[in-house]
Amino acid sequence: MVLDDLGTSLRSSLDKLQGKSRLSESDVEEIVKEIQRSLLSADVDVSLVMELSDSIKSRALEEEPPGGTTAKDHVLKIVYEEMVELVGDSTELPLENQTILLAGLQGSGKTTSAAKMAWWFSKKGLRPAVIQTDTFRPGAYDQAKQMCERAEVDFYGNPDNDDPVDIARTGLEATEDADVHIVDTAGRHALEDDLIAEIEEIEGVVDPDRSLLVLDAAIGQGAKDQARQFEKSIGIEGVVITKLDGTAKGGGALTAVNETDSSIAFLGTGETVQDIERFEPSGFISRLLG
Ligand code: GDP
């Protein structure tokens, strides 16, 4: 089965269906309740959970299981399909020349993700370059430079220049031999006007093929405001969820995906450049339900 990592209570509710060929309303209620419990504790937005619950309930009770299908397999298939609908497919990322702009608040993991993504593209046979425009956070330049050295990818930054827009422009020229340009930007502790003004200006100069919003897995419902603001100012095509190696399951990031009508591109699973995974629905679903 695609869902190999279900939480124990959900698994035991499903196990009660063993041998049954039909689902009763109370069977479905119990399963939906377990799913709700898992998703809410994984920080998935209540209204998204409610929508999902309604779809699962009505499909599980109305749809006729195909001949030979047990009640358990029938409901599992519906749960999986509806969960895929909720988390979405991964952001399309053609392996070709492109410019990617990273946005997000300070500490969300942008700089780390920039180097990780560059490493990922280099493993796919492309030549990536990271351009560090974060002049706001002390240490951002050194951190990006070191990580790019570890990832063995091109890097441009200028610690003596405090104009991020100028760094972006110069950086694109300086790394013109690269195929994939990943532009890291400065965050702030909160959504401040100067952050938005700065990233809009950088976006104007960089003209990215896609802008990705970087979110800490622990973001919870704070994702909504950020997603709205960045979507309005630069447009968001995908989300990167970081720190999934911790206890947070990243369900809050689904709010951002929903809010920006986008999808998830990458998952960050540690502090080193190799700790990156391309988003793939079934693993993420198992994590949310686990
Ligand atoms: P930025 O301010 O958005 O550029 O954030 P950074 O890239 O500097 O990341 C902030 C902190 O989170 C750093 O200490 C990173 O090492 C850490 N970090 C980033 N991504 C991950 C991740 O996927 N897992 C873990 N455990 N730590 C991460």
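Only a predicted model underlies this, so the values are computations on that prediction, with no experimental measurement involved.

Student: Can you explain helix α6 (residues 140-151)? Please cite residues and give values.
Tutor: Taking 1.5 Å per residue as the helical rise, α6 with its 12 residues ought to reach 16 Å, and the 16 Å between its terminal C-alpha atoms agrees with that figure. Among the residues of α6, A140, A144, M147, C148 and A151 are the ones counted as buried. Seen end-on, α6 carries its buried residues on one side only, within an arc spanning 100 degrees. Where α6 is buried, its residues meet α5 (110-123), β2 (128-132) and β3 (154-156). E152 occupies a position one or two residues after α6 and carries a positive phi of about 55 degrees.

Student: Explain the UniProt feature "domain: AAA+ ATPase" (unreviewed entry) in the protein chain to me, using residue names and the numbers behind them.
Tutor: As annotated by UniProt and renumbered to match this structure, "domain: AAA+ ATPase" (unreviewed entry) occupies residues 96-280. For residues 96-280, helix accounts for 38% and strand for 21%, while the C-alpha atoms at its two ends are 20 Å apart.

Student: So what's going on with the pattern of salt bridges? Residues and values would help.
Tutor: For the coordinates displayed, the defined rule picks out 19 salt bridges. Residue R22 is joined to E64 by a salt bridge in which the shortest nitrogen-to-oxygen separation is 2.4 Å. Residue R22 is located in the loop between α1 (8-15) and α2 (25-41), and its partner E64 is located in the loop between α3 (46-62) and α4 (71-87); the two are separated by 42 residues in the primary sequence. The exposure class of R22 is exposed, given its relative accessible area of 53%.

Calculation notes
- Residues numbered from 1 in each chain as written.
- Predicted model: local features only at pLDDT ≥ 70, side-chain atom pairs only at ≥ 80, totals over all residues.
- Heavy atoms only, no water.
- Helix = DSSP H or I, 4+ residues; strand = E, 2+ residues; numbered from the N terminus.
- Expected span 1.5 Å × (residues − 1).
- Buried < 20%, exposed > 50% of the residue type's maximum accessible area, 1.4 Å probe, protein only.
- Arc of directions from axis to C-beta.
- Contact = heavy atoms within 4.5 Å.
- UniProt positions renumbered as here; feature names shortened; annotations may be inferred.
- Salt bridge = Lys/Arg side-chain N within 4 Å of Asp/Glu carboxyl O.

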